[in-house]
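Given next are the chains, with one letter for each unit.
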Amino acid sequence: MLQIVHVLYHTVNNVLLGAPTGSGKTISAKLAMLRHFNAQPDMKVIYIAPVKAIVRKRMNDWKHLLSKLGKEMVMIKQSKS
């Protein structure tokens, strides 16, 4: 994970991160998000998760931090046909 921290915070490279549960993917996403907000304050970020419960958890976890940065969070749900 140390190598991914450098790429996420010190470069503008795109990253596809596949790793086992509990290995730090969410922290990596948060780091990349903060780096981009620091570099480009008007930037928007999309967080995608396979189930709504995970999105809700992230929203609860990140709400305080992102509000300090003046960011608003919204959840967009997929409609079932």
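Residues numbered from 1 in each chain as written. Predicted model: local features only at pLDDT ≥ 70, side-chain atom pairs only at ≥ 80, totals over all residues. Heavy atoms only, no water.

Asks: What am I meant to see in the packing of helix α1 (residues 2-10) against helix α2 (residues 25-39) here?
Replies: Each pair of packed helices can be summarised by the angle the axes make with each other and by the distance between the axes. The contact between α1 and α2 brings their axes to 8 Å, and the two run at 25°. Between α1 and α2, the angle falls in the class roughly parallel. Relative to α2, the crossing made by α1 is right-handed. Each of Ile4, Val5, Leu8 and Tyr9 in α1 lies in contact with α2, whose residues at this interface are Ser28, Leu31, Ala32, Arg35 and Asn38. Of the residues in the contact of α1 with α2, the class split is six nonpolar, two polar and one charged. (Axes fitted to C-alpha atoms, helices over the stretch in contact; angles between N-to-C directions. Helix = DSSP H or I, 4+ residues; strand = E, 2+ residues; numbered from the N terminus. Parallel < 35°, antiparallel > 145°, perpendicular 65-115°, else oblique. Left-handed = near helix turned anticlockwise from the far one by under 90°. Contact = heavy atoms within 4.5 Å. Nonpolar A, V, L, I, M, F, W, Y, C, P; charged D, E, K, R; others polar.)

Asks: How should I be thinking about the layout of surface pockets in this particular structure?
Replies: Estimated volume of the largest pocket: approximately 920 Å³. Forming the boundary of the largest pocket are 26 residues, of which Ile46, Tyr47, Val74, Met75 and Ile76 lie nearest the centre. Going through the elements one at a time, α2 and α3 (52-68) are the ones with two or more residues in the lining of the largest pocket. The element best represented in the lining of the largest pocket is α3, accounting for six residues. Grouping the amino acids of the lining of the largest pocket by side-chain chemistry returns 18 nonpolar, one polar and seven charged. (1 Å grid on protein atoms, 1.4 Å probe; cavity = no way out; pocket = protein on both sides within 12 Å on 5 of 7 lines; lining within 4 Å. Points joined across faces, edges and corners; volume = space filled by probe spheres on them.)

Asks: I would appreciate a short explanation of the packing of aromatic side chains in the present structure.
Replies: The full count for this structure, using the stated rule, is one aromatic pair. Positioned above the aromatic ring of Phe37, the side-chain terminus of Lys71 is 4.4 Å from the ring centre. (Phe/Tyr/Trp six-rings, centres within 6.5 Å; stacked < 30°, edge-to-face > 60°. Lys NZ or Arg CZ within 6 Å of the ring centre and 35° of its normal.)

Asks: Can you help me understand the confidence of the model for the protein in this one?
Replies: Note that predicted coordinates carrying low pLDDT should not be read in detail. For the protein, the mean per-residue pLDDT works out to 87, and 96% of the residues sit at or above 70. Per-element mean pLDDT across the protein ranges from 84 in α1 up to 91 in α3. (pLDDT = per-residue confidence, 0-100.)

Asks: Teacher, can you tell me more about the pattern of salt bridges here?
Replies: Should the charged atoms of two oppositely charged side chains come close, the side chains can pair. Within the structure shown, the criterion is met by two salt bridges. Measuring nitrogen to oxygen at the nearest pair gives 3.4 Å for the salt bridge that ties Lys57 to Asp61. Linking Lys57 with Asp61, this pair stays in helix α3, spanning four residues, or about one helical turn. The residue Asp61 makes a salt bridge to Arg58 at a minimum N-O spacing of 2.5 Å. With Asp61 and Arg58 both in helix α3 and three residues apart, this pair spans about one turn of that helix. (Salt bridge = Lys/Arg side-chain N within 4 Å of Asp/Glu carboxyl O.)

Asks: Sorry if this is basic, but what is going on with the side chain of Arg35 here?
Replies: Here Arg35 is to be found in helix α2. In this structure, Arg35 is buried with no salt-bridge partner, the nearest side chain bearing the opposite charge being Asp42 at 14 Å. Not counting chain neighbours up to four residues away, the residues in contact with Arg35 comprise Leu8, Tyr9, Thr11 and Val12. (Buried < 20%, exposed > 50% of the residue type's maximum accessible area, 1.4 Å probe, protein only. Lys, Arg positive; Asp, Glu negative; His and termini not counted.)

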